[in-house]
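This is what each chain is made of:
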Amino acid sequence: MYNRQKKAAELKAVELSEEMQRIIDRAQELIDATADEVDDKVKSARSALMRGLDNARDESGRLYGRAMDKAAEADEYIHDQPYYAIAGVFAAGLFMGWLMSRK
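Residues numbered from 1 in each chain as written. Predicted model: local features only at pLDDT ≥ 70, side-chain atom pairs only at ≥ 80, totals over all residues. Heavy atoms only, no water.

Colleague: Explain the packing of helix H2 (residues 40-80) against helix H3 (residues 82-101) to me, using residue names and the numbers behind them.
Modeller: Each pair of packed helices gets described by two things: the angle between the helix axes and the distance between those axes. Look at H2 against H3: their axes get within 5 Å of each other, and the N-to-C directions meet at 105°. By the angle between their directions, the pair H2 and H3 is classed as roughly perpendicular. Between H2 and H3, the contacting residues are Tyr77, Ile78, His79 and Asp80 on the first element and Pro82, Tyr84 and Ala85 on the second. (Axes fitted to C-alpha atoms, helices over the stretch in contact; angles between N-to-C directions. Helix = DSSP H or I, 4+ residues; strand = E, 2+ residues; numbered from the N terminus. Parallel < 35°, antiparallel > 145°, perpendicular 65-115°, else oblique. Contact = heavy atoms within 4.5 Å.)

So this is what it looks like as structure tokens:
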């Protein structure tokens with residue numbers, strides 16, 4: 001069960017990373033398609049978009065790395081101290097049940 005959940009979390013992170021990469025690739029295609037335009041407004045928009053894409057690529061990679069690190073830390077914590085995790089989930093469930101039962 002544990003390995004299946006770990007693999008599912010990794011797959012979800014990979015899917016999100018791939019979706020972000022597809023968006024970046026489409027924006028790069030837009031930049032490439034407007035390469036022949038000579039208008040100053042188009043050139044400035046292209047350069048701004050290129051800077052934004054570079055920042056998005058860097059941020060995407062950094063966020064993916066941080067997410068995987070945090071997932072590994074949470075996984076390690078839960079395996080080291082499973083009773084705290086169980087108690088935390090139980091308390092959260094009680095609190096949510098209490099909130100939902102109020103009128």
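Colleague: Describe in detail the pattern of salt bridges, supporting the description with residues and values.
Modeller: Using the criterion set out here, one finds two salt bridges in the structure. The salt bridge partner of glutamate 59 is arginine 62, with a shortest N-O separation of 2.8 Å. On the criterion of helical spacing, the pair formed by glutamate 59 and arginine 62 is a turn pair, its members being three residues apart in helix H2. Looking at arginine 62, the relative accessible area reads 44%, which means it is partly exposed. In this structure, glutamate 73 and lysine 70 form a salt bridge, with 3.9 Å as the shortest nitrogen-oxygen distance. In this pair, glutamate 73 and lysine 70 both sit in helix H2, three residues apart, roughly one turn of the helix. Take glutamate 73: its relative accessible area is 46%, and that puts it in the partly exposed class. (Salt bridge = Lys/Arg side-chain N within 4 Å of Asp/Glu carboxyl O. Buried < 20%, exposed > 50% of the residue type's maximum accessible area, 1.4 Å probe, protein only.)

Colleague: Help me get a handle on the confidence of the model for the chain, residues and values and all.
Modeller: When pLDDT is averaged along the chain, the result is 80; 87% of the residues meet or exceed 70. Here helix H1 (residues 2-33) is the element of the chain with the lowest mean pLDDT, 73, and H3 is the one with the highest, 91. (pLDDT = per-residue confidence, 0-100.)

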